Amino acid sequence: VGLSVFSAITFVGSLILIPILCVKMGEDYFMPHRDKDETLAGRHPVLRWTGLILKNVMGVLVLAAGISMLFLPGQGLLTMIIGIMMLNFPGKRALELRLIRLPGVLRAINHLRARGNHPPLQIPPRDGDVAAS
């Protein structure tokens, strides 16, 4: 019964929250000038650390829910990406770009953004890609 309830909650939660988060994300989130997370910059150190810890705890919970949704109903991969975006760890940016460049992932997110009347995400070219002239 417990697993069924958890499955239902994560499924419904992902159906509601993931589209909202995908639409609210800035279209330039993945561009190089957005590499620094300055959301809590300039705040009192106690507030900054508390916010950072809470954000990372939520990120771990969302990531865990996404992993479980790979086996249970729900939007597992998109939920995992949102969880990773909330975390702070070395190599995060490279992992985010690797995941967002998966054709199905980018297509799904841009579809959600189009339904919310938001422009598609801007993705920087890979290091060997030739820029269009």
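The following refers to the structure shown. Keep in mind it's a predicted model, so treat the numbers as computed, not measured. (Residues numbered from 1 in each chain as written. Predicted model: local features only at pLDDT ≥ 70, side-chain atom pairs only at ≥ 80, totals over all residues. Heavy atoms only, no water.)

Focus on the side chain of R93
For clarity, the cut-off: Secondary structure elements follow DSSP: runs of H or I no shorter than four residues count as helices, runs of E no shorter than two count as strands, and numbering proceeds from the N terminus. Here a polar contact means two N or O atoms within 3.5 Å. Within protein one must be a hydrogen donor candidate and the other an acceptor candidate, and residues neighboring in sequence count only if both atoms are side-chain atoms.
Assignment of secondary structure puts R93 in helix 4 (residues 92-100). A distance of 3.1 Å separates the side chain of R93 from the backbone oxygen of M31, its partner in a polar contact.

So, the packing of helix 2 (residues 45-68) against helix 3 (residues 76-86)
Test applied: Orientation is described by axes fitted as lines to C-alpha atoms, over the contacting stretch for helices, and by angles from 0 to 180 degrees between their N-to-C directions. Roughly parallel means an angle under 35 degrees; roughly antiparallel, over 145; roughly perpendicular, 65 to 115; everything else is oblique. Crossing handedness follows the turn of the near helix against the far one: under a right angle anticlockwise gives a left-handed crossing, and clockwise gives a right-handed one. Residue contacts follow a heavy-atom distance rule, with two residues in contact if any of their heavy atoms lie within 4.5 Å. Each residue gets one label: Ala, Val, Leu, Ile, Met, Phe, Trp, Tyr, Cys and Pro are nonpolar, Asp, Glu, Lys and Arg are charged, and the others, such as Gly, are polar.
Remark: helix 2 packs on helix 3, axes separated minimally by 7 Å, with the N-to-C direction vectors making an angle of 165°. Our classification of the angle between helix 2 and helix 3 gives roughly antiparallel. For the pair helix 2 and helix 3, the sense of crossing is left-handed. Between helix 2, through K55, N56, M58, G59, V62, L63, A65, G66 and I67, and helix 3, the contact on the second element is made entirely by G76, T79, M80, I82, G83, I84 and M86. Its residues placed into classes, the contact of helix 2 with helix 3 shows 9 nonpolar, 6 polar and 1 charged.

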